[in-house]
Amino acid sequence: MTPHSIAITPFQGQKPGTSGLRKKVAEFQRPGYLEAFVQSLFDTQPALRGGIMALGGDGRYFNREAVQIILRMAAANGVGRVILGAGGLLSTPAASAVIRKYQAQGGIVLSASHNPGGPDGDFGIKFNTSNGGPAPEAVTEAIYQRSQSIERYLTLDAAPIALDKPGETSLGDMAISIIDPVADHAALLQTLFDFDAIRSLLRGGFRMRFDGMHAVTGPYARRVLVDMLGAPEDVLMNAQPLPDFGGGHPDPNPAHAEELVALMPGLDFGAASDGDGDRNMILGPGIAVSPSDSLAVLAANARLAPGYANGITGIARSMPTSRAADAVAAALGIPCFETPTGWKFFGNLLDAGQITICGEESYGTSSNHVREKDGLWAVLFWLNILAKRREPVGAILAQHWRQYGRHYYSRHDYEAVDSATAQAAMAQLAQALPGLVGHDIGGLTITQADDFAYTDPVDGSVAKGQGLRVICGDAARVVARLSGTGTEGATVRLYFERFEADPARQQDDVQTTLAPLIDFAENQLGLRQRTGRPGPDVIT
Ligand code: VG1
Ligand code: CO
């Protein structure tokens, strides 16, 4: 099997966004499209030649075809060994764990995460580096630059390999180790949490459901919750991965997980994760835990879990994530870092040991056990806390707010807006920023208004244009930014945060509490008016 070279011309727009390259399936199916991007990756990542590469995806439509294409290309490009999840599956956190365990030089994860799948849905490809984390911007930029001048790709003529059974095989000179996609990740999680305590909680009449949303986490949840922790089979919902996610939107938030939300009055705990298993949603009866609060609660209770019994060194959160975590860090006397949106910005801080736990408002939390966000990790962490504290989710939150204050929080998304309209709205706010300081929002004085820029404290790299923010001291914030994961038009995200120290006012309605901030954003950006929509498409 000799590698051969196929001529191609570059495709426009192969620029990875917040998390990898995401496009409509039809775009990825264009002849040479996936190949052009993958060859750009091999051309710019010489360490993969002769090295080890992990490969797997979230099982969405086109996953299996893409795996075969990438295997042939990897062999032709001289990769030494591919570690492949059986069935072509690996959740994003599992891929991170696998890269680290097998000391791979990198890995490819096939996923468009929470974006819908199926023939008319989205597909995506992400590259993770040898630390197990999403490629930093310098790497994705190099891949993109290469894609703009690519003129050939390398492949082999070979029959598709059988993907589904673990074992050793090969393609040309390249070894392929097909592994159980769940085992390594499950074993890692077991080292972090008190499985005995969780087992006794689950056997003691505790009522929970885990919603896999027909995405990749189902098999992981089955192994950990049912096989290892002894939960009854019926804790699992939608646990069978399907190429179109059963027609659903594999985004674990109360808006998209209605089926689980509807069951909650009769349950003690509900959880869900997204397409590629890196997000998590946590519900208690009558309460949805905001992801920003979840990060803060995990940090405050970290010592209850064996993996964090010695405490945490620091916390990081993405800029739009509420400052609830900052309050915990201050109380613990540890640093709290504010990074741009996207997990790639946590990598250096984790590698340098400056943080142990990090999270985003978009239902992502994780720790230094991997270099990705980890949905099942967060669910187990909550179960560990519940097993030790034996209090309802709502009581844990109420106590947390009494101690640290409550950061009321909500995100409003205007999805698939015409790009020019979205740009104009953002430009209007950007222009207004310098004049806003000193004005007030509902009686709160604006102390700072800027476009967030970040200098990485470890390597000094700079990321600019990371979101417009209007800050009222510690009391409130309004943030606006454009999504970097959408595949249609532009999605505008508005983030609202309001601090409340008074326990008597910590159980109010979130949207009502945030109303002055929401009105301010409409005055500044005019999204309702510009789009003709009555309000945001999704409120979380
Ligand atoms: C969104 C979230 C961001 C997250 C990213 C990838 O990005 O806001 O916090 O890191 O998705 O998550 P954006 O640019 O659309 O706001 V996942 O689970 O979709 O890989
Ligand atoms: Co995801």
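You'll find the structure just up there.
Residues numbered from 1 in each chain as written. Chains lettered and ligands numbered in written order. Predicted model: local features only at pLDDT ≥ 70, side-chain atom pairs only at ≥ 80, totals over all residues. Heavy atoms only, no water.

## A short note on unusual backbone geometry
Negative phi values dominate among residues other than glycine, just as trans dominates among peptide bonds. Applicable threshold: Put simply, DSSP H or I for four residues or longer makes a helix, DSSP E for two residues or longer makes a strand, and each gets a number counted from the N terminus.
The backbone phi angle of Asn238 is positive, close to 45°, even though this residue is not glycine. If you trace the backbone, Asn238 turns up in the loop between strand S11 (236-237) and helix H9 (258-263). Although it is not a glycine, Phe245 adopts a positive phi angle of roughly 55°. As for its placement among the helices and strands, Phe245 is situated in the loop between S11 and H9.

## Here we look at the coordination of the cobalt ion (ligand 2)
Rules: A 2.8 Å cut-off from the metal defines N, O and S donors, relaxed to 3.2 Å for Na, K and Ca; water is not in the atom list, so some sites may appear incomplete. Burial classes follow relative accessibility: with a 1.4 Å probe on protein chains only, a residue under 20% of its type's maximum area counts as buried, one over 50% as exposed, and anything between as partly exposed.
All of the protein donors around the cobalt ion (ligand 2) are Ser113 (OG), Asp274 (OD), Asp276 (OD) and Asp278 (OD); their distances to the metal are 1.9 to 2.1 Å. Sequence spacing among the residues donating to the cobalt ion (ligand 2) works out to S-x160-D-x1-D-x1-D. Of the two residues, Ser113 sits in the loop between strand S5 (106-110) and strand S6 (122-129) while Asp276 sits in the loop between strand S12 (269-272) and strand S13 (281-284), which places them 163 residues apart along the sequence. Look at Ser113 and you get buried, because its relative accessible area is 3%. The class for Asp276 is buried, based on a relative accessible area of 0%.

## Considerations on the packing of aromatic side chains
Centre distance and the angle of the planes are the two values used to describe a pair of aromatic rings. We apply this condition: Two aromatic rings from Phe, Tyr or Trp, using only the six-membered ring of Trp, form a pair when their centres are within 6.5 Å; if the ring planes differ by under 30 degrees the pair is stacked, by over 60 it is edge-to-face, and anything between is tilted. A ring has a charge above it when a Lys NZ or an Arg CZ is no more than 6 Å from the ring centre and no more than 35 degrees off the ring normal.
Within the structure shown, the criterion is met by 13 aromatic pairs. Summarising the aromatic geometry, the rings of Phe62 and Phe123 are spaced 5.1 Å apart at their centres and angled 75° between planes, so their arrangement reads as edge-to-face. Remark: Phe123 occurs in strand S6 and Phe62 occurs in the loop between strand S3 (52-57) and helix H3 (63-76); sequence separation between them is 61 residues. On the accessibility criterion, Phe62 (9% relative accessible area) is buried. By the ring-pair criterion, three or more aromatic residues cluster together here, those being Phe11, Phe28, Tyr33, Phe62 and Phe123. Over the face of the ring belonging to Trp401 we find Arg406, whose NZ or CZ atom lies 3.9 Å from the ring centre.

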